[in-house]
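# Structural overview
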Amino acid sequence: MSIRFEGTLTRTDERITRTFPFDVPEGTTDLNVRLRYDPAHTEGASLPQQISMTVYGPNGWVSEINRAGDRFEEGTDIGPNPSPGTFPTRIEPGRWTIFLSTYRVVDTIVQFEIEVTFRNGASNITLPEAPAAAEPRSRGAGWYRGDLHAHTVHSDGAWGNRELVDYMQRHGLDFCTLTDHNTVTGLPEHLSLAHDGMVTLGGSEVSTYRGHMLALGVHERIEWRNEDGTTIAVSSLADAIHDVGGLSIICHPRKPGDPWCCGCRWEHLDMMPGNAKGVEIWNGVWSDRNGEGIALWQSWLDEGHRLVATSGTDHHGRSEHFEAARQARAAVNVVYAQEFRADAILDALKRGHSYVSAGPILQLHGTQEASSSQVHMGDQVEDDGVVIIEAAWNDLPEGASAHLVIDGQREVLGNEERGEHRRDIDATSFRWLTLEAWDDAGAWAISNPIYGRR
Ligand SMILES: [Zn+2]
Ligand SMILES: [Zn+2]
C-alpha cells in the first residue's frame, strides 16, 4: 500500500518548508519514502535542484533525507534496517509528517512527487543495538591536532565512518569529528571507532536556509523548524546547544550563498555573531573566502565579542583533501587539552586554547607582571598593568612571515623558518591580540586571541 503527494515548486518556494501529513496504519513494520522531481537538473544549468526531506513520526523526528532526489533513487527505508540518516526504529502507527525543504530551485517550474510505501514484515522485530562509544588510553595533557567538521553517507557524504576515521588517522590527526547535516544517526558508530591513536568527537551541522552552525559535542539532533515548517530563531538554537554543554560554531560564514550553495553563507543578520561561541574561519582548503571569514571574525573581536576561531575540512569523502591541499593549504585545529579525550578536547576548544594551522607551529602566551600568572591563547588578562607577551613560531614556509596582530593592527615579527618575539604591553591598551602566519597568497596559521582589558 502506498500514498502519494504531488505538486510544483518554483523559485518562490526557495527557503520554504512544506509539510505533508499522513496516517500510518497499525501493523506497518517498514516505510519507504521516495521523492522524485522533474527536471532534476536543468539542461545547461551548472547546479541541480537542492531539496531535502525530514520525516517525523507520532513521537518526533525519525529520518533526515539530505538531497533526497539525487541520493536515494529507490527511496529511503525507515524501520528496523533503515537507510543512512535514520536510526533503526519500530514504526509507530498514527499521524506522521514529511517536511519538504526547498533549498534551491533552478527551473521556473519543478514537478515533484512524494511516494510513501507501507510494508508489513515480521511482527517480532529486534532492533540492532547501537555500538558502544570507545575511549582511547589516556596520554595526558598536550597539544593535539584534529578536524572538527566532516560528513558521511548519513547526510550528503560519499563515505562511511570507518573510511572517515581511517583517512584522518592516515594524515596524522589525533582527533576527528562527525558533523552531518541535520542528523546524528552516524554518531554511535563514529564514537565507537575511537582508539588509542584517535579520539572521535560528535555533533551535527545545523543546516538552515540562511547559514550552517556546528553543534559540537551535542549528540542529539537539533531541530531548526517549528511544527508548521517555519524556522526557529538561530539564537534559540545556539541556546539549545549551550544548554547541553555544546559549542556553537558559525560555519564558513563567507562561503558563496544562493545560488551556488543555498544556505551556506551566513545570512542570519540577527546573529552577527549574537550568542554564537565560535566561528569557522578556515573551511576546506584555503581560499579568499576564508580570508573574508578571518576579517569578519576579527571585526567581531573589535566589537568586543569573544569567539573561538576553528577550522574544518568539511570533508565529504569525495576528494583527497590533504593531498590536493599540500599547495592549497588545509588547516587543522591544534588544541591544548588536559587529556586525550573527547570531553577534554571540547573543553579546551571552548576556552580557545587552540590555533588553526596548515603547517606552522605557534606558541603564544603572556605573563602578568603583577601576579606572575600566565595567560594563553583564549585567556583573558586579569590584572591591569604590564603583561609580557611571548610569541614563537616554527616550520614557517618560505615566503611567509609571522605577524603579531593587536586590535587589528598587523606587525611583521620575522620571516625566518623559526623565530621568537617578546614585548611588554599595558593590559588596558588592547582588546585582543593574535599570532598569525601569512604569505601573499593567504594565511598559514592563526592563533586564538589573548584578550586584554581595553
Ligand atoms: Zn556547511
Ligand atoms: Zn559541512
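Since the structure is predicted, the reported quantities are computational estimates derived from the model, not experimental observations.

### As for the overall build of the protein chain
Per the secondary structure count, the protein chain includes seven helices and 26 strands. The C-alpha atoms of the protein chain give 24 Å as radius of gyration, which agrees with the globular expectation for 454 residues (22 Å, within 12%). Across its three principal directions, the C-alpha atoms of the protein chain cover 75 × 50 × 40 Å. Taken over 454 residues, the protein chain has a buried fraction of 46%. Sequence-distant contacts in the protein chain: of pairs separated by 6 or more residues, those separated by 24 or more amount to 70%.

### Looking at the sheet that holds strand 4 (residues 50-57)
Taken in spatial order, the four strands make up an open sheet running 2-7-4-5, and their pairing is antiparallel. Unpaired on one side and paired on the other, strand 2 (16-24) and strand 5 (60-65) mark the two borders of the sheet. Adjacent strand axes in the sheet meet at a mean angle of 20° when their direction is disregarded. Sheet topology note: the strand 2/strand 7 (residues 94-104) ladder contains nine bridges and is antiparallel. Looking across to strand 7, one finds that Phe22 is bridged to Trp96.

### What to know about the domain arrangement of the protein chain
Per the domain assignment, the segments of the protein chain are domain 1 (2-119), domain 2 (134-356) and domain 3 (359-454). Taking only C-alpha atoms, the centre of domain 2 and the centre of domain 3 are 25 Å apart. Across the boundary between the two partners, domain 2 contributes 18 residues, which contact 17 residues of domain 3. At the level of secondary structure, the elements contributing two or more residues to the side of domain 2 that touches domain 3 comprise helix 5 (288-302), strand 15 (308-312) and strand 17 (354-357). Broken down by element, the side of domain 2 that touches domain 3 gets its largest block of residues, five residues, from helix 5.

### Remarks on the nonpolar core
Core analysis: the biggest nonpolar cluster contains 91 residues, and Met213, Ile345, Ala437 and Ala445 have the highest contact counts within it. When we break this core down by domain, the ones giving at least three residues each are domain 2 (134-356) and domain 3 (359-454). In this structure Ala445 touches Tyr355, Val356, Ser357, Ala358, Pro360, Leu362, Glu436 and Ala437, once residues within four positions along its chain are discounted. Core analysis: the second largest hydrophobic core is formed by 26 residues, Leu31, Ile91, Leu100 and Tyr209 among them.

### With respect to helix 2 (residues 161-170)
Among all positions in helix 2, only Asn161, Leu164, Val165, Tyr167 and Met168 are buried. Down the axis of helix 2, the buried side of the element spans an arc of 160°, and every buried residue falls inside it. Those residues of helix 2 that are exposed and aimed more than 90 degrees away from the buried face are Arg162 and Arg170. Among the structural elements, strand 10 (175-181), helix 3 (187-192) and strand 11 (199-208) are those in contact with the buried residues of helix 2. Positioned one or two residues after helix 2, Gly172 has a phi angle of 80°, which is positive.

### Comments concerning helix 7 (residues 342-351)
Of the positions making up helix 7, those classed as buried are Ala342, Ile345, Leu346, Ala348 and Leu349. Buried residues of helix 7, viewed axially, fall in a sector of 160°; they line one side. One or two positions beyond helix 7, positive phi appears at Gly352, with a value near 75°.

### Let's talk about the sheet that holds strand 6 (residues 76-78)
Spatially, four strands are ordered 1-8-3-6 in an open sheet, and the strand pairing comes out antiparallel. The open sheet has two edge strands, strand 1 (2-9) and strand 6, and neither has a second partner. Sheet twist, expressed as the average angle between the axes of neighbouring strands with direction ignored, equals 15°. Summarising the sheet, strand 3 (residues 30-38) and strand 6 pair through three bridges and their orientation is antiparallel. By the bridge assignment, Asn32 is partnered in strand 6 with Asp77.

### Regarding unusual backbone geometry
Here the residue pair Asp38 and Pro39 is connected by a cis peptide bond, since its omega of -5° sits within 30 degrees of zero. Looking at the secondary structure, you find Pro39 in the loop between strand 3 and strand 4. A cis amide bond links Met272 to the next residue, Pro273, at an omega of 0°. Within the secondary structure layout, Pro273 lies in the loop between strand 13 (247-250) and strand 14 (278-283). Positive phi values are uncommon outside glycine, yet Asp407 reaches one of about 50°. Within the secondary structure layout, Asp407 lies in the loop between strand 21 (401-406) and strand 22 (409-414).

### With respect to the environment of Leu178
With respect to the helices and strands, Leu178 occurs in strand 10. Leu178 gets classed as buried once you count the C-beta atoms within 10 Å, which come to 28. Measuring from C-alpha to C-alpha, the distance between Leu178 and Ser204 comes to 7.0 Å, with 26 residues separating the pair along the chain. Among all residues touching Leu178, those that are not within four sequence positions of it are Ala150, Thr152, Asn161, Leu164, Gly186, Leu187, His190 and Gly202.

### With respect to the environment of Ala133
By the element assignment, Ala133 lies in the loop between strand 8 (110-119) and strand 9 (142-146). Sequence separation of Ala133 and Thr231 is 98 residues, and the distance between their C-alpha atoms is 33 Å. Excluding anything up to four places from it in sequence, Ala133 contacts Leu191 and Ser192.

### Focus on the pairing of strand 3
Across nine bridges, the pairing between strand 3 and strand 8 is antiparallel. When the sheet's bridge partners are listed, Leu35 is paired in strand 8 with Ile114.

### Points about the environment of Arg36
Along the chain, Arg36 falls in strand 3. By C-beta crowding, Arg36 is classed as partly exposed, having 15 other C-beta atoms within 10 Å. Residues Arg36 and Asp70, 34 residues apart in the sequence, show an inter-C-alpha distance of 8.6 Å.

What counts, and where the lines are drawn
Residues numbered from 1 in each chain as written. Chains lettered and ligands numbered in written order. Predicted model: local features only at pLDDT ≥ 70, side-chain atom pairs only at ≥ 80, totals over all residues. Helix = DSSP H or I, 4+ residues; strand = E, 2+ residues; numbered from the N terminus. Rg over C-alpha atoms; globule rule 2.2 N^0.38 Å. Buried ≥ 20, exposed ≤ 12 C-beta atoms within 10 Å, placed from the backbone. Contact = placed C-beta atoms within 7 Å. Pairing = 2+ DSSP bridges. Axes fitted to C-alpha atoms, helices over the stretch in contact; angles between N-to-C directions. Domains from an automatic or database assignment. Core = buried A, V, L, I, M, F, W, Y, C linked by C-beta atoms within 7 Å. Arc of directions from axis to C-beta.

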